[in-house]
Amino acid sequence: FEFATSFFHRYFGKPHGAEARSYLADRGFRREFVIRFRIGYAPDAWEGLRSEAHREGFSDDVLDAAGLVVRKDDGAKCYDRFRDRLVFPIGDVTGRIIGFGARILGDGEPKYLNSPDGPLFNKGRTLFGLSFAKDEIRKRGCAVLVEGYTDVLMAHQAGRTDFVAGLGTALTRDHARLLRRFADSVTLL
């Protein structure tokens, strides 16, 4: 996941990432928060990440297990899961990257695409931004749960670092248990 996070973040700064940078700038996001949250861009290429990962020694099996590629119907060929998308690395409670959420730039479906559930990543048990918010949540005794990635980013940018978000799923018991470790109450916004 660290390799992919670096890949996406690097492409965010390249000419290919201009639309992604513009999307965030138009919404008022400052560069320091893009860097802090390691936001990236998946290039509009079928094998951009895959090709670079192969050069670094990662096999298709490893990329598939991490949810970074999709196998074609025959299973023999793979292509990048995330293409032409703004990419939000998703960390566990310690900040270790365990998956990605990606927003399409322009038209297309789905608007948001998450990493598939696997041994490390499960969207029903993960909250975006928790590693950045947990200390403030403990201090305040309350967490604020919002809908999406950019809601968390904007709140943190405004100085409210007790905001976290679900990952396109309803609030689950696992989410509630996770929040209970840090807060006595939760505000749904």
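Further up the page is the structure itself.
Overview of the structure. In this text, all values refer to a predicted model and were calculated from it rather than measured experimentally. (Residues numbered from 1 in each chain as written. Predicted model: local features only at pLDDT ≥ 70, side-chain atom pairs only at ≥ 80, totals over all residues. Heavy atoms only, no water.)

Each helix and strand counted, the protein has eight helices and nine strands in total. Taken over the C-alpha trace, the protein has a radius of gyration of 17 Å; the compact-globule value for 189 residues is 16 Å, and the two agree within 12%. Judged by the C-alpha coordinates and their principal axes, the protein covers about 50 × 35 × 30 Å. Across the 189 residues of the protein, 49% fall into the buried class. When contacts within the protein are restricted to residue pairs at least 6 apart in sequence, those whose partners lie at least 24 apart make up 63%. In the form shown here, the protein has an accessible surface area of approximately 9,600 Å², with 49% of it arising from carbon and sulfur atoms. (Helix = DSSP H or I, 4+ residues; strand = E, 2+ residues; numbered from the N terminus. Rg over C-alpha atoms; globule rule 2.2 N^0.38 Å. Buried < 20%, exposed > 50% of the residue type's maximum accessible area, 1.4 Å probe, protein only. Contact = heavy atoms within 4.5 Å. Areas by Shrake-Rupley, 256 points an atom, 1.4 Å probe, with all protein chains shown as cover.)

Our focus in this paragraph is the packing of aromatic side chains. Ring pairs (aromatic) are described by centroid distance and by the angle formed between their planes. Tallied over the full model, the rule gives 15 aromatic pairs. Measuring from centroid to centroid gives 5.2 Å for Trp46 and Tyr79, while their planes differ by 80 degrees, and the two rings are edge-to-face. Highlighted residues: Trp46 in the loop between strand S1 (40-42) and helix H4 (48-55) and Tyr79 in strand S3 (residues 78-80), separated in sequence by 33 residues. Ring pairs connect the aromatic residues Phe1, Phe3, Phe7, Phe8, Tyr11, Phe58, Phe82 and Phe100, which therefore count as one cluster. (Phe/Tyr/Trp six-rings, centres within 6.5 Å; stacked < 30°, edge-to-face > 60°.)

So, on to the environment of Ala176. Within the element layout of this structure, Ala176 appears in helix H8 (residues 173-180). In this structure, the C-alpha to C-alpha distance between Ala176 and Arg125, residues 51 residues apart in sequence, is 8.9 Å.

This next bit is on the pattern of salt bridges. Within this structure, the stated rule accounts for 16 salt bridges. The salt bridge partner of Glu32 is Arg30, with a shortest N-O separation of 3.5 Å. The class of Glu32 is partly exposed, set by a relative accessible area of 49%. Across the salt bridge formed by Arg138 and Asp135, the nearest N and O atoms sit 3.8 Å from each other. Within this pair, Arg138 and its partner Asp135 are both found in helix H6 (residues 130-140), separated by three residues, close to a single helical turn. If you follow the salt bridges from partner to partner, you end up with Glu136, Lys139, Arg140, Arg160 and Asp162 in one network. (Salt bridge = Lys/Arg side-chain N within 4 Å of Asp/Glu carboxyl O.)

All right, on to the packing of helix H1 (residues 2-12) against H4 then. At a closest axis distance of 11 Å, the pairing of H1 and H4 adopts a crossing angle of 125 degrees. By the angle class used here, H1 and H4 are oblique. The element H1 and its partner H4 pack so that their crossing is right-handed. Seen from H1, the contacting residues are Phe3, Ala4, Phe7, Phe8, Arg10 and Tyr11; seen from H4, they are Gly48, Leu49, Glu52 and Ala53. Tallied by class, the residues present in the contact of H1 with H4 amount to seven nonpolar, one polar and two charged. (Axes fitted to C-alpha atoms, helices over the stretch in contact; angles between N-to-C directions. Parallel < 35°, antiparallel > 145°, perpendicular 65-115°, else oblique. Left-handed = near helix turned anticlockwise from the far one by under 90°. Nonpolar A, V, L, I, M, F, W, Y, C, P; charged D, E, K, R; others polar.)

Within an α-helix, residues lying three or four positions from one another point in the same direction, as the helix has 3.6 residues per turn. By the burial criterion, the buried members of H1 are Phe3, Ala4, Thr5, Phe7, Phe8, Tyr11 and Phe12. Taken together, the buried residues of H1 touch helix H2 (18-26), helix H3 (31-36), S1, H4, strand S4 (85-91) and strand S5 (97-104).

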